[in-house]
Amino acid sequence: MVGNRLAEYWLLHLGEPQALGHWVEIISGEHLGNIYRALLSATGDLARLALTTLFMLITLFFVKDGSRIAAQLDVVGERILPTRWQRFSRVVPATVSATVTGMGLIALGEGVVLGVAYWIAGVPSPVLLGVATGFMALIPGGAPLSFTLVSLYLVGSGDIVAGLGLFAWGSIELFIVDKTLRPRLVGGPVKLPFLPTFFGLVGGVQTMGLVGLFVGPVLMALLVAIWREWLLGIEEPATVGTETAPADATTDAVARPSPPRGRTRRSTERGSGRHRSTSTRNP
């Protein structure tokens, strides 16, 4: 009853290749393909994240005996670097922990303090700007850029006093943090300078993304620690050698053992006898 009519509609509208996709785009709009690709990408990212989390949990389950692994690493490290391994094995964990903890605490503190300052100054959305400032504080120069832009916004909107006050407060807070807290927290025992920190942050973000904000400074801190330990190992033998060389020479000269008394008397008597005999023979 309807077969001929359906066949006619099929040949007219769906018989050509890709005709179904054309009708779907007409009905649903031209952005359906983009939405489909975005869903596929998001699903793939979620699956990748779930797989990475699963691998991490499996690894942490089997690598739970940290003291045993640390003892094995000490045995291997002392065989590879017998004179410097103890220093490296103590400096490296403290450096990693202090770098990550210090950067996180400084970024969190600057976000909270400047967020409160934004709220006092009357900036719209102070919580959002405080969170953005905290993320920007992880990068050298990010916090000054944040509160400077907010200060310029206040000045441009007509609130000059609030803008200048916010800029002054941010400058004072940044000076205190950079001169007191950052050298003590970031880098740990290495006391990472500004330039390696900057290179670590920029290089880490460029190569590893958000995780590079922490991994980059940690790697730079390890490189600085290894560099300083090698310099210390080179300078110590040189210093010891320059200090002990004159003392050894003086000690050798002063503490040179004298011959026994009996041997000295005999040699003296022999020498005097020879001298006497020679003097009698040759008047």
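Residues numbered from 1 in each chain as written. Predicted model: local features only at pLDDT ≥ 70, side-chain atom pairs only at ≥ 80, totals over all residues. Heavy atoms only, no water.

*Asks:* Help me get a handle on the overall build of the chain, residues and values and all.
*Replies:* Within the chain, the regular secondary structure consists of 11 helices and zero strands. Of the regular secondary structure in the chain, the N- to C-terminal order runs α-α-α-α-α-α-α-α-α-α-α. Counting all 283 residues of the chain, 22% fall into the buried class. When contacts within the chain are restricted to residue pairs at least 6 apart in sequence, those whose partners lie at least 24 apart make up 62%. For the chain, the computed accessible surface area is about 20,700 Å², with 70% contributed by carbon and sulfur atoms. (Helix = DSSP H or I, 4+ residues; strand = E, 2+ residues; numbered from the N terminus. Buried < 20%, exposed > 50% of the residue type's maximum accessible area, 1.4 Å probe, protein only. Contact = heavy atoms within 4.5 Å. Areas by Shrake-Rupley, 256 points an atom, 1.4 Å probe, with all protein chains shown as cover.)

*Asks:* An account of the environment of G134 is needed here, citing residue identities and associated values.
*Replies:* Note that G134 resides in helix α6 (residues 126–136). Among the residues examined, G134 registers a relative accessible area of 13% and is labelled buried. For G134, the contacting residues outside a window of four places in its chain are A107 and G111.

*Asks:* Residue-level account of the packing of helix α5 (residues 85–121) against helix α8 (residues 160–185), with values.
*Replies:* The angle between the axes and the distance between the axes are what describe a pair of packed helices. Put simply, α5 and α8 touch, their axes get as near as 11 Å, and they point 165 degrees apart. Overall, the two elements α5 and α8 adopt an arrangement that is roughly antiparallel. Crossing geometry of α5 relative to α8 is assigned as right-handed. Residues A98, T99, G102, I106, E110, V113, L114, A117, Y118 and A121 of α5 pack against A162, L166, W169, G170, E173, L174, V177, L181, R182 and L185 of α8. When grouped by side-chain class, the residues that make up the contact of α5 with α8 number 14 nonpolar, three polar and three charged. (Axes fitted to C-alpha atoms, helices over the stretch in contact; angles between N-to-C directions. Parallel < 35°, antiparallel > 145°, perpendicular 65-115°, else oblique. Left-handed = near helix turned anticlockwise from the far one by under 90°. Nonpolar A, V, L, I, M, F, W, Y, C, P; charged D, E, K, R; others polar.)

*Asks:* Any chance you could break down a nonpolar patch on the surface for me, citing the residues and the numbers?
*Replies:* Where nonpolar side chains cluster on the molecular surface, the patch consists of L51, L54, F55, I58, F61, F62, V63, I69 and L73 and spans about 900 Å² of accessible area. Where the nonpolar patch is concerned, the elements lending two or more residues are α3 (32–62) and α4 (66–80). For the nonpolar patch, the element with the highest residue contribution is α3, accounting for six residues. Locating F62 in the fold gives a position in helix α3. (Patch = residues over 30% accessible without salt bridge, like charges linked within 9 Å, V, L, I, M, F, W, Y side chains within 5 Å. Salt bridge = Lys/Arg side-chain N within 4 Å of Asp/Glu carboxyl O.)

*Asks:* Got a sec to walk through the environment of G170? Specific residues and values, please.
*Replies:* Within the fold, G170 resides in helix α8. For G170, a relative accessible area of 0% corresponds to the buried category. Spatially, the C-alpha atoms of G170 and A117 are 8.4 Å apart, while their sequence positions differ by 53 residues. In contact with G170, other than residues within four places in its own chain, are L114 and F147.

*Asks:* Just give me the short version of α8, but keep the residues and values in it.
*Replies:* Spanning 26 residues, α8 covers 35 Å between terminal C-alpha atoms, matching the ideal 38 Å at 1.5 Å per step. At D178, α8 shows its largest kink, close to 40 degrees. Among the residues making up α8, those that are buried are A162, G163, L166, G170, E173, L174 and V177. Capping of α8 at its N-terminal end is provided by D159; its side-chain oxygen lies 3.5 Å from the backbone amide nitrogen of A162. (Expected span 1.5 Å × (residues − 1). Bend = angle between axes of the 7 residues up to and from the residue. Polar contact = N/O pair within 3.5 Å; in protein donor to acceptor, adjacent residues only side chain to side chain.)

*Asks:* Tell me about the nonpolar core, residues and numbers included.
*Replies:* Ranked by size, the top nonpolar core spans 11 residues in total: L114, A117, Y118, A121, V123, F147, V150, L154, A162, L166 and L174. When residues of this core are traced back to their parent elements, those giving at least two are α5, α7 (142–156) and α8. A total of four residues in this core trace back to one element, the largest contributor, which is α5. Look past the residues within four positions of A117 in its chain and what remains in contact with it is L166 and W169. (Core = buried A, V, L, I, M, F, W, Y, C linked by side-chain atoms within 4.5 Å.)

*Asks:* An account of α7 is needed here, citing residue identities and associated values.
*Replies:* Between its first and last C-alpha, α7 extends 21 Å over 15 residues, near the 21 Å set by a 1.5 Å rise per residue. Within the span of α7, buried status applies to G142, A143, S146, F147, V150, S151 and L154. Against the buried residues of α7 lie α5, α6 and α8. Looking one or two places after α7, you find G158, whose phi comes out positive at around 105 degrees.

*Asks:* Which residues make up the side chain of S151, and what are the values?
*Replies:* Within the secondary structure layout, S151 lies in helix α7. Looking at S151, its side chain comes within polar contact range of the main-chain oxygen of F147, at 2.7 Å. A polar side-chain atom of S151 sits 3.4 Å from the main-chain amide nitrogen of F167. Once residues lying within four places of it in the same chain are set aside, the contact partners of S151 are G163, L166 and F167.

*Asks:* Go over the side chain of E173, please, and point to the residues and values.
*Replies:* For E173, the location among the structural elements is in helix α8. Once you skip the residues sitting within four places of it in the chain, E173 turns out to touch E110, V113 and L114.

*Asks:* Can you explain the packing of α4 against α5? Please cite residues and give values.
*Replies:* For the pair α4 and α5, the least separation of the axes is 9 Å and the interaxial angle reads 135 degrees. Considering their axes alone, α4 and α5 lie oblique with respect to each other. When α4 is examined against α5, the residues L73, D74, G77 and E78 are found in contact with a partner set consisting of W85, Q86, S89 and R90. Among the residues making up the contact of α4 with α5, the classes are represented as two nonpolar, three polar and three charged.

Structural measurements only, silent on function.
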